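Listed here are the chains, written in short residue letters.
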Amino acid sequence: MTYDFLQHYWWFLVSLLGALLVFLMFVQGANSMVRSLGATAEGRRLVVNSTGRKWEFTFTTLVTFGGAFFASFPLFYSTSFGGAYWLWMIILFTFVVQAVSYEFQNKLGNLLGPSTFQWCLVLNGVLGPLLLGGAVATFFEGSNFVVEKASLTSPLLVEGGGRAISHWANASHGLDALLNPWVLVFGLAVMFLARTLGTLYVINNVDDAHVRSRATGRLLGNAVPFVLLFVAYLVHLFLKDGYGWVKETGEIIVVPNKYWTNLMEMWPLLILLLVGVVLVLAGIAMEVRRSSDSAAKRQGIWPAGIGTVLTVLALLLCAGWNGTAYYPSTYDVQMSLTIGNSCSSEFTLNAMFYVSLLIPAVLAYIVYCWHKIDSHKLSREELAADEEAY
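These figures come from a predicted structure and were not determined experimentally.

Regarding the nonpolar core
Taken as a class, soluble globular proteins show a tendency for nonpolar side chains to be buried jointly.
In step 1: Among the nonpolar cores identified, the biggest contains 114 residues, and Trp11, Phe73, Phe76 and Phe139 are the most heavily contacted of them.
In step 2: It is helix α9 (residues 181-205) that provides the largest number of residues to this core, a total of 14 residues.
In step 3: Sequence-distant contacts of Phe76, defined by excluding residues within four places in its chain, comprise Phe69, Phe81, Phe139, Tyr326, Tyr327, Leu337 and Ser342.

In structure tokens, the structure reads:
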């Protein structure tokens, strides 16, 4: 295994985790509509307990995604997670609020009432996907950061009283990315995708005609904005300039239509992207064609979910492979991050490679747990009999 292979391998694993995270945000998507999917208190509890079976998967994947980035590409971790900390702190805060809201909304002694915590779930359901989508968009749009590796040996201290390889070039610490309209377009696309997947999951998981009917009625209202926003961003992405890096010199150069060129030169990723988009649309179409009381199995979440993973995986691989700067610096393009200049040492990547061979066993365990949890649909009768329900 060469150093170059290990760099590409670990970018693939990080991209796969990111793709799985976007799919699992159906939890946030359904939570953002909890008060509209459930017209009554019991209906809202059905939705909350449906997503409550899966929220740990989403949170664990988010933490694993950050941990994998830290281990394999530490310079990105220190630059984005450290420099853009206001953006990431807001994201993490909403996820903490989500965990607290699940556990305490129906506990004895809750003076705030279930409604307060349900509104907190709505907050996480909107801000979580929106801000995470915006963070992913910076892989293509760039961020305002500075990388100065010489600062570790310099006698001068950077702002804050300590030495750091990288820091943000302004005081917004990541929030300035939201001023880029294309970052917002992509963030909104991810938010509406999460809401679309959330409705598909509730339709599949909740055995209640009333909740299913309300979810079916809101499916197109979220799917149409998602498709329009996503297509608009894809057109923008394929027409915009990107940044390539010359391995021999480390120079970062402007490349017209870089991301479209990547898909043409790495044609399997183009096929992956197209298959993913078709599956997402097929999953939506499956449920649009059925009435809310249809006896057929409501399985639209699965093609849509698999399609989401394939689509996001193709985009993230397009951002980092084929000599592409996956995190452009808008402050100085030569400070942009690539999988070559931001990765861990060859020894570290090689050692972690053998640890990563355990991933299939972990995924198999997750699939087994998911199957056991969803062995039967959630109903009002089960909710009333379950003393541990949220």
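There is more to say, and it comes next.
With respect to the packing of helix α1 (residues 3-24) against helix α5 (residues 55-72)
In step 1: Running from amino to carboxyl end, α1 crosses α5 at an angle of 160°, the nearest separation of the two axes being 9 Å. By the angle between their axes, α1 is roughly antiparallel relative to α5. Note on packing geometry: the crossing formed by α1 with α5 is left-handed. Contact with α1, carried on its side by Trp10, Trp11, Val14, Leu17, Gly18, Leu20, Leu21 and Leu24, involves Phe57, Thr58, Thr61, Leu62, Thr64, Phe65, Ala68, Phe69 and Ser72 of α5 and no other residues of that element.
In step 2: Class assignment for the residues of the contact of α1 with α5 results in twelve nonpolar, five polar and no charged.

A word on the pattern of salt bridges
In step 1: Per the counting criterion, the structure on display carries five salt bridges.
In step 2: In this structure, Lys54 engages Asp374 in a salt bridge whose closest nitrogen and oxygen atoms are separated by 2.9 Å. Taken as a pair, Lys54 in the loop between α4 (41-52) and α5 and Asp374 in the loop between α15 (359-373) and α16 (380-385) lie far apart in primary sequence, 320 residues in all.
In step 3: Under the relative-accessibility criterion, Lys54 is labelled buried at 0%.
In step 4: Overlapping salt bridges bring together Glu42, Asp208 and Arg380 as one network.

Regarding the side chain of Ser342
In step 1: Tracing the sequence through the fold places Ser342 in the loop between α13 (301-320) and α14 (346-356).
In step 2: For Ser342, the side chain forms a polar contact with the main-chain oxygen of Thr338, separated by 2.5 Å.
In step 3: Filtering out sequence-adjacent residues up to four positions away, Ser342 remains in contact with Ser72, Phe73, Pro74, Leu75, Phe76, Tyr326 and Leu337.

Some thoughts on the packing of α9 against α13
In step 1: Interaxial distance between α9 and α13 falls to 9 Å at its minimum, and their mutual angle equals 150°. Considering the angle they form, α9 stands roughly antiparallel to α13. Handedness of the α9/α13 crossing: left-handed. Mapping the contact onto sequence places Leu193, Leu197, Leu200, Tyr201 and Asn204 in α9 and Ile301, Trp302, Ala304, Gly305 and Thr308 in α13.

Thoughts on unusual backbone geometry
In step 1: Despite not being glycine, His173 shows a phi value in the positive range, around 50°.
In step 2: In this fold, His173 is placed in the loop between β2 (166-168) and α9.
In step 3: Despite not being glycine, Asn322 has its phi angle at roughly 60°, a positive value.

Quick word on the packing of aromatic side chains
To describe a pair of aromatic rings, you give the distance between the ring centres and the angle between the ring planes.
In step 1: Applying the stated criterion to the full structure yields 38 aromatic pairs.
In step 2: Aromatic side chains Phe70 and Tyr77 sit 4.9 Å apart centroid to centroid with 65° between the ring planes, which places their arrangement in the edge-to-face category.
In step 3: Residue classification places Tyr77 among the partly exposed residues on the basis of a relative accessible area of 30%.
In step 4: Over the face of the ring belonging to Trp370 we find Lys54, whose NZ or CZ atom lies 4.7 Å from the ring centre.

Some thoughts on the environment of Val96
In step 1: For Val96, the location among the structural elements is in helix α7 (residues 85-104).
In step 2: Along the primary structure Val96 and Phe59 are separated by 37 residues, whereas in three dimensions their C-alpha atoms are 9.2 Å apart.

Some thoughts on the state of the cysteines
In step 1: Scanning all chains against the criterion turns up zero disulfides.
In step 2: Considering cysteine sulfurs only, Cys343 is the nearest to Cys318, which forms no disulfide, with 20 Å between them.
In step 3: We classify Cys318 as buried; its relative accessible area is 2%.

Examining the pairing of strand β4 (residues 252-255)
In step 1: One ladder, built from four bridges, connects strand β3 (residues 242-245) with β4; its direction is antiparallel. The partner of Gly244 across the bridge, within β4, is Ile253.
In step 2: Hairpin connection between β3 and β4: a loop of six residues separates the two successive antiparallel strands, and Gly250 in this loop has a positive phi of roughly 80°.

The rules behind the values
- Residues numbered from 1 in each chain as written.
- Predicted model: local features only at pLDDT ≥ 70, side-chain atom pairs only at ≥ 80, totals over all residues.
- Heavy atoms only, no water.
- Core = buried A, V, L, I, M, F, W, Y, C linked by side-chain atoms within 4.5 Å.
- Buried < 20%, exposed > 50% of the residue type's maximum accessible area, 1.4 Å probe, protein only.
- Helix = DSSP H or I, 4+ residues; strand = E, 2+ residues; numbered from the N terminus.
- Contact = heavy atoms within 4.5 Å.
- Axes fitted to C-alpha atoms, helices over the stretch in contact; angles between N-to-C directions.
- Parallel < 35°, antiparallel > 145°, perpendicular 65-115°, else oblique.
- Left-handed = near helix turned anticlockwise from the far one by under 90°.
- Nonpolar A, V, L, I, M, F, W, Y, C, P; charged D, E, K, R; others polar.
- Salt bridge = Lys/Arg side-chain N within 4 Å of Asp/Glu carboxyl O.
- Polar contact = N/O pair within 3.5 Å; in protein donor to acceptor, adjacent residues only side chain to side chain.
- Phe/Tyr/Trp six-rings, centres within 6.5 Å; stacked < 30°, edge-to-face > 60°.
- Lys NZ or Arg CZ within 6 Å of the ring centre and 35° of its normal.
- Disulfide = S-S within 2.5 Å.
- Pairing = 2+ DSSP bridges.

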